[in-house]
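Here are the chains, one letter per residue:
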Amino acid sequence: PATWSGVFDLIRKRFAATPDAKRRKFTASRFSFNTRAGRCAACEGLGVLRIGLHLLADVEVACSTCGGTRYTPEVRAVRLRGRTIADILSMDARQALAHFADDPPIAALLTPMVELGLGHLQLGQSSTTLSRGEAQRVKLATLMGQASNRPALLLMDEPDRGLHPIDVGRLLVSIDALVDAGHTVLAISHHRHLWAA
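Residues numbered from 1 in each chain as written. Predicted model: local features only at pLDDT ≥ 70, side-chain atom pairs only at ≥ 80, totals over all residues. Heavy atoms only, no water.

Caption draft 1: Quick peek at helix H2 (residues 7–16). Most of H2 is tucked away: seven of the 10 residues are buried. Those residues of H2 not exposed but buried are Val7, Phe8, Leu10, Ile11, Arg12, Phe15 and Ala16. Against the buried residues of H2 lie helix H1 (2–5), helix H3 (19–24), helix H5 (85–90) and helix H7 (104–115). (Buried < 20%, exposed > 50% of the residue type's maximum accessible area, 1.4 Å probe, protein only. Helix = DSSP H or I, 4+ residues; strand = E, 2+ residues; numbered from the N terminus. Contact = heavy atoms within 4.5 Å.)

This is the structure we're talking about:
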């Protein structure tokens, strides 16, 4: 969610701007688990090690080198508002919004995620663990959080699937806000509340 929404780029820039990071000459890329300089070499930034069990499915265990944090000790030593980059990525969207409430660019990207009922998602959660509906709503929240002058066409396949009625209501409010902003939304659904809207 942090990568898809673009909030991870902003958070990494905030870390790079800290006095400790400047002293160590760490750039924003150092705070990415996708680069060699910042990621744990043992797990290559995954935070887990896969163990093949031949006839059974592979098992994932937390990396013993980084403790599942994905980063080198040097990167984990840098703190922003008392938290490491690994701490921030382990926050859910609600916690992160509270933590960065006074940082308007970051809050602008996190607010739609919470409004769309995605407050429970950890910022650093693997995209492969998201349901199809969650993935669609993360993309929707990303569009809502970005200032854009160009209208977009959104094609949504059952964005309400598996949602609680309260979350369906949140989704409808968000879709209305996108339409009001000049975007076009085409949603395929079997949910009567979406039909009515």
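Caption draft 2: Inspection of the side chain of threonine 142 at higher detail. Position of threonine 142 among the secondary structure elements: in helix H8 (residues 132–145). At 2.8 Å, the side chain of threonine 142 and the backbone oxygen of valine 138 are in polar contact. With residues near it in sequence (within four places) discarded, threonine 142 still touches Trp4 and Ser5. (Polar contact = N/O pair within 3.5 Å; in protein donor to acceptor, adjacent residues only side chain to side chain.)

Caption draft 3: Quick look at the environment of valine 179. With respect to the helices, strands and loops of the structure, valine 179 is situated in helix H9 (residues 165–180). Here the alpha-carbon distance between valine 179 and phenylalanine 31, two residues 148 residues apart in the chain, equals 36 Å.

Caption draft 4: Quick look at the nonpolar core. Ile11, Phe31 and Ile85 are the most contacted members of the largest nonpolar core, which totals 47 residues. Those elements that provide at least two residues to this core are H2, H5, helix H6 (93–99), H7, H8, strand E3 (153–157) and H9. (Core = buried A, V, L, I, M, F, W, Y, C linked by side-chain atoms within 4.5 Å.)

Caption draft 5: Seen up close, the side chain of aspartate 167. As for its position among the elements, aspartate 167 is in helix H9. Side-chain polar atoms of aspartate 167 contact the side chain of arginine 170, separated by 2.9 Å.

Caption draft 6: Representation of the packing of H2 against H7. Running from amino to carboxyl end, H2 crosses H7 at an angle of 155°, the nearest separation of the two axes being 9 Å. Overall, the two elements H2 and H7 adopt an arrangement that is roughly antiparallel. The way H2 lies across H7 gives a crossing that is left-handed. Residues Val7, Leu10, Ile11 and Arg14 of H2 pack against Pro105, Ile106, Leu109 and Leu110 of H7. Considering only residue class, the contact of H2 with H7 consists of seven nonpolar, no polar and one charged. (Axes fitted to C-alpha atoms, helices over the stretch in contact; angles between N-to-C directions. Parallel < 35°, antiparallel > 145°, perpendicular 65-115°, else oblique. Left-handed = near helix turned anticlockwise from the far one by under 90°. Nonpolar A, V, L, I, M, F, W, Y, C, P; charged D, E, K, R; others polar.)

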